[in-house]
Amino acid sequence: MIPAKPKATAKRPPAKRPRRAADPARQWAAHLRRYRPGLVPYVLDGLAARYGEQHWERRLDPVSELILTILTQNTADTNAEKAFEALRAAYPSDRAPEAHTPGLGWGGAGLTTAAPPDWTLVEHAPLPELVDVIRPGGLAPQKAPRVQATLQRIREERGAYDLEFLADLPVLEARAWLTAIDGIGKKTASIVLAFCFGMPVMAVDRHVERVSKRIGLIPDKATADQAHDLYLALVPPERMYEAHVLLIHHGRAICHAQSPAHDICPVRDRCRMVDRKAP
Ligand code: SF4
């Protein structure tokens, strides 16, 4: 019997590798480099010439920075200072006093030098009591439970109120650890990482967003959430801290929401709000 011919196996075309989706932040950075070359250093150098060079310095321990930043949400920094001082007074600890060196990016007068609050007492305080304590900061009924939930999460995950371990994580992992906590967005997380550890992340608040869109550093339609990642592609890591501090200060000092003072602006020549075709 003649053996049956083995069936010819149809040749399969080589499997196509899935194409990696283009990263919109990198695309935007490339677009800007091509059509508006040198814009980022022009803006940072211009602002630094006006407001002074900015150098990183830790301003608080990371847990204090995180709680203070929660207290600043949707309120002025001066109100957050009042609420944080009230926490220190109501729940004193015997820890070493810490100085608050807020620098240019902070909108308040700075905290007094004092020990951080006793976080165990803050976490376990009766909620109505904590609401009363931080009431001078505004939005206390929303913030008090957020503060307690944040402290609880840190204690449960780390066994202590201690965030120093974040320094050893890659920057985006550190940001993801913080944003996994309810009520902590990229802005709050980035403030903690940038100011406590000097990590190259950009905290985009309303000032940074407004100034950036007016100049054309980020697209007009970008959301604040997207803007955080646009900046990671746009600004070299070693200039990220100063970029945040300078842009936020420029928004407060000259590029006001209403009536920006274009005439005295150091980056006017390349601002798209003043000239839609600015280079
Ligand atoms: S020129 Fe005007 S809008 Fe543009 S950055 Fe300066 S102050 Fe802001």
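Residues numbered from 1 in each chain as written. Predicted model: local features only at pLDDT ≥ 70, side-chain atom pairs only at ≥ 80, totals over all residues.

Side note on the domain arrangement of the protein chain
Turning to step 1, where the next piece is worked out: Taken as a whole, the protein chain is organised into domain 1 (36–55 + 202–270) and domain 2 (62–197).
Turning to step 2, where the next piece is worked out: One C-alpha centre belongs to domain 1, the other to domain 2; they are set 26 Å apart.
Turning to step 3, where the next piece is worked out: At the level of secondary structure, the elements contributing two or more residues to the side of domain 1 that touches domain 2 comprise α11 (224–234) and α12 (240–253).
Turning to step 4, where the next piece is worked out: Ranked by residue count, the leading element in the side of domain 1 that touches domain 2 is α12, at 6 residues.
Turning to step 5, where the next piece is worked out: When grouped by side-chain class, the residues that make up the side of domain 1 that touches domain 2 number 7 nonpolar, 4 polar and 3 charged. (Domains from an automatic or database assignment. Helix = DSSP H or I, 4+ residues; strand = E, 2+ residues; numbered from the N terminus. Nonpolar A, V, L, I, M, F, W, Y, C, P; charged D, E, K, R; others polar.)

What about the packing of helix α1 (residues 24–35) against α11?
Turning to step 1, where the next piece is worked out: It is at 8 Å that the axes of α1 and α11 come closest, and there the two elements cross at 50°. When the axes of α1 and α11 are compared, the pair comes out oblique. The element α1 and its partner α11 pack so that their crossing is right-handed. Each of A25, R26, W28, A29 and L32 in α1 lies in contact with α11, whose residues at this interface are D229, L230, L232, A233 and L234. (Axes fitted to C-alpha atoms, helices over the stretch in contact; angles between N-to-C directions. Parallel < 35°, antiparallel > 145°, perpendicular 65-115°, else oblique. Left-handed = near helix turned anticlockwise from the far one by under 90°. Contact = placed C-beta atoms within 7 Å.)

A short note on the site of the ligand
Turning to step 1, where the next piece is worked out: Taken together, 14 residues sit near the ligand, with C255, P260, H262, C265 and C271 positioned nearest.
Turning to step 2, where the next piece is worked out: The class makeup of the residues in the shell around the ligand is 11 nonpolar, 1 polar and 2 charged. (Near = placed C-beta within 6 Å.)

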